[in-house]
Amino acid sequence: LRLLPWVVLAGFVGNFIQNLIYFILGRRYGNRMMEKHPDWKPRLQQVHGWLARYRSALIVGMRFVPGFRVIGGVAIGMSDVSPFRFAVLNLIGAVLWAVVIGILGYLCGHVLELIMGDIKHLEVPILVGIAVVGGLLFFVHRRRRGKVVATQNS
C-alpha cells in the first residue's frame, strides 16, 4: 500500500470513526454504563478533571495514549463538550494520529528491512515453526486442563 494517500486516509477514517463512536456511547449510554461498571468511576472522574484543565489538548491527544482511547472517549461524551467541538478536535487529532503513525510505521518497516535483509526464503520454515510450537502449547494446555478437571471431579 502507498503511504500517501491510502494508508494515512484509512488510518484517519478508522481513528475518527472509532473515537466518534466512543463519544456517542458516552453521550447516550454513559450513565447506564456507570451503573453497570461502578469500578470505572475513579478513572472517569480523573478524565473529567483533566478535561476541565486541558480540554482541547485532551481531545486531540487521547488517541496517542494506549488504553486511554475508550475511557477518554466515553468520559468526553459524558461531559459538556459539544458534539461540534468534539467533531472538530477529533478531526484534527485523527489527522495528526494517522500521519504520525503512518510515517512511523513506514520508517520502522524500512529499518526492519535493512536489519533483516531479504528473509523471504525463511518465511515457510518460520511459519511451520510457529504452527508446531502453537500446536504443542495447545496440546500441553489441554492436557493440563484435563488433569485439573479430573482432580476436581474426584
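Residues numbered from 1 in each chain as written. Predicted model: local features only at pLDDT ≥ 70, side-chain atom pairs only at ≥ 80, totals over all residues. Heavy atoms only, no water.

Just to check I follow, could you spell out the nonpolar core for this structure?
Nonpolar side chains in soluble globular proteins tend to be buried together. With 19 residues, the main nonpolar core has Ile 59, Ile 76 and Phe 86 as its most contacted residues. Counting residues per element, this core draws most heavily on helix 2 (residues 41-61), at six residues. Residues Val 8, Phe 12, Phe 16 and Trp 97 belong to the second largest nonpolar core, which totals seven residues. (Core = buried A, V, L, I, M, F, W, Y, C linked by side-chain atoms within 4.5 Å. Buried < 20%, exposed > 50% of the residue type's maximum accessible area, 1.4 Å probe, protein only. Helix = DSSP H or I, 4+ residues; strand = E, 2+ residues; numbered from the N terminus.)

Mind showing me how you'd approach the packing of helix 2 against helix 4 (residues 83-116) here?
Geometry of a packed helix pair, given as the angle between the helix axes and the separation of the axes. The geometry of helix 2 relative to helix 4 is characterised by a closest axis approach of 7 Å and an angle of 50° between their N-to-C directions. For the element pair helix 2 / helix 4, the angle class is oblique. For the element pair helix 2 and helix 4, the recorded crossing hand is right-handed. Taking contact as the criterion, the partners of Arg 55, Ser 56, Ile 59 and Val 60 in helix 2 are, on helix 4, Arg 85, Phe 86, Leu 89, Asn 90, Ile 92, Gly 93 and Leu 96. (Axes fitted to C-alpha atoms, helices over the stretch in contact; angles between N-to-C directions. Parallel < 35°, antiparallel > 145°, perpendicular 65-115°, else oblique. Left-handed = near helix turned anticlockwise from the far one by under 90°. Contact = heavy atoms within 4.5 Å.)

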